[in-house]
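Summary of the model geometry
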Amino acid sequence: MSTPTLPPTPSDYVSPTERVLVRLEGSALHIVFNNPARHNALSVDMWGAVPPLLAQAAGDERVRLVVFSGAGDKAFVSGADISQFEDQRAAKAAVQHYEALAEEALMAIYHAAKPTLACIRGWCIGGGVNVAISCDIRIAASDAVFAIPAARLGLGYRYSALKNLVDLIGVGAAKDLFYTARRIDAAEALRLGLVSRTSPVDELPALLAEYTTRIGENAPLTIAAAKQIVGEILKPSPDLDALRCRELILGCFESEDYAEGRRAFMEKRQPQFKGG
């Protein structure tokens with residue numbers, strides 16, 4: 001099943017490159033990597049498009065979830081666009097520029113104010129894995145294939161990417177995947193915890209709709225607080241901001257959303273959360 005053709009981009013969300021498509025659908029902002037001729041390999045302009053879109057979403061009360069996916073039915077992201085390696089990565093300064101853009105984009109995803117989800121079909125290789133593990137949630141179709149081939153290419157790998165991988169699947173599994181550069185299927189990715197859930201290919205849109213609906217209906221302050229607290233949990237102990245965690249929790253209890261949640265529970269109805 002091919003990814004549906006996207007409608008025209010809404011005027012208030014404009015991608016700086018045609019290789020990244022964007023649309024707001026209900027409460028979900030969809031960011032689609034659109035380089036299907038190269039299996040959605042990430043070019044410099046694609047990396048650069050991500051941070052400004054996420055910055056705009058951070059201040060948009062309509063957005064409850066940001067979904068990343070790949071155009072077509074062959075790949076989520078197949079890695080870096082190697083056609084740019086010689087001119088973008090040959091010289092030391094060019095390498096540093098490329099890595100800086102990639103790091104900025106990945107950190108923008110990891111620290112995004114809104115929840116993020118990677119919806120994966122087909123190839124999810126190298127930089128594709130890095131995008132996916134920077135997201136809060138990963139779901140995958142049964143045709144998904146994952147690999148980190150850096151050891152077969154002689155690439156140095158950034159600290160942040162390896163830390164995200166270790167935090168997600170543990171030291172042993174991370175070393176296994178990285179040292180061997182082997183490919184794994186969706187079933188093994190699920191067993192390792194690399195993805196949260198899998199589905200048959202034709203059922204992936206329904207699985208995604210379940211997430212966009214559920215997250216769109218839930219209390220955004222509660223989710224935002226949990227996301228920030230999890231970030232604190234993952235910090236080294238000396239850097240943990242316990243006071244900030246308490247303030248986030250108190251903010252939820254003092255919100256109108258909490259009052260609405262209590263009323264809806266007592267009245268046996270669906271709550272209508274506003275984020276305040």
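Residues numbered from 1 in each chain as written. Predicted model: local features only at pLDDT ≥ 70, side-chain atom pairs only at ≥ 80, totals over all residues. Heavy atoms only, no water.

What the rule picks out here adds up to 3 aromatic pairs. With 5.1 Å between their ring centres and 65 degrees between their planes, Tyr157 and Phe178 make a pair best called edge-to-face. One end of the pair, Tyr157, is in the loop between helix H5 (150-153) and helix H6 (159-169); the other, Phe178, is in helix H7 (residues 171-180), and 21 residues separate them in sequence. Among the residues examined, Tyr157 registers a relative accessible area of 21% and is labelled partly exposed. Its relative accessible area of 14% is what places Phe178 among the buried residues. In this structure an aromatic cluster arises from ring pairing among Phe33, Phe68 and Phe76. (Phe/Tyr/Trp six-rings, centres within 6.5 Å; stacked < 30°, edge-to-face > 60°. Helix = DSSP H or I, 4+ residues; strand = E, 2+ residues; numbered from the N terminus. Buried < 20%, exposed > 50% of the residue type's maximum accessible area, 1.4 Å probe, protein only.)

With mixed pairing, the 4 strands of this open sheet are ordered in space as S4-S6-S8-S9. Only two strands of the sheet have a single neighbouring strand rather than two, namely strand S4 (75-77) and strand S9 (184-185). Note: strand S8 (residues 145-147) against S9, 2 bridges, orientation antiparallel. In the strand pairing of S9, Phe146 is matched with Ile184. Seen against the sheet, helix H4 (residues 127-134) touches S4, strand S6 (123-125) and S8 and runs at an angle of roughly 90 degrees to S6. (Pairing = 2+ DSSP bridges. Contact = heavy atoms within 4.5 Å. Axes fitted to C-alpha atoms, helices over the stretch in contact; angles between N-to-C directions.)

Within the fold, His30 resides in strand S2 (residues 28-33). Residue classification places His30 among the buried residues on the basis of a relative accessible area of 4%. Those residues within four positions of His30 in sequence are excluded, and the remaining contacts are Leu21, Val22, Arg23, Glu25, Val67 and Leu208.

Here we come to helix H9 (residues 204-217). An α-helical segment advances 3.6 residues per turn. Residues three or four places apart therefore align on the same side. Under the 1.5 Å per step criterion, the end-to-end length of H9 is 20 Å for 14 residues, consistent within 8% with the ideal 20 Å. Taken together, the buried positions of H9 are Leu204, Leu207, Leu208, Tyr211, Thr212, Ile215 and Gly216. In a view along the axis of H9, the buried residues occupy a sector of 160 degrees, so they form one face of it. Exposed side of H9, more than 90 degrees from the buried face: Ala206 and Arg214 are the residues found there. Residues of H9 that are buried in the fold lie against S2, strand S3 (65-70), strand S5 (116-120), strand S7 (137-141), strand S10 (197-199) and helix H10 (220-233). (Expected span 1.5 Å × (residues − 1). Arc of directions from axis to C-beta.)

Take H7 next. Within H7, burial applies to Ala173, Ala174, Leu177 and Phe178. Each buried residue of H7 sits inside an arc of 120 degrees when the element is viewed along its axis, so together they form one side. Summarising the geometry of H7, the exposed residues directed more than 90 degrees from the buried face are Gly172 and Tyr179. In this structure, the buried residues of H7 make contact with H5, H6, S9 and helix H8 (186-192). Remark: Ala181 follows H7 within two positions and exhibits a positive phi of approximately 60 degrees.

Let's shift gears to the confidence of the model for the protein chain. Close reading of the predicted structure is inappropriate where its pLDDT is low. The pLDDT averaged across the protein chain works out to 88; a share of 89% of its residues lies at or above 70. Predicted confidence is poor over residues 1-10, with pLDDT under 50, and the contacts of this stretch with residues over four places away or in other chains come to 18 contacts. (pLDDT = per-residue confidence, 0-100.)

If you look at soluble globular proteins, the nonpolar side chains tend to sit buried side by side. By size, the foremost hydrophobic cluster in this structure holds 53 residues, and its most contacted members are Phe33, Phe68, Phe76 and Phe146. No other element matches the 8 residues that helix H1 (residues 44-58) contributes to this core. Core analysis: the second largest hydrophobic core is formed by 14 residues, Leu65, Leu117, Ile137 and Ile139 among them. (Core = buried A, V, L, I, M, F, W, Y, C linked by side-chain atoms within 4.5 Å.)

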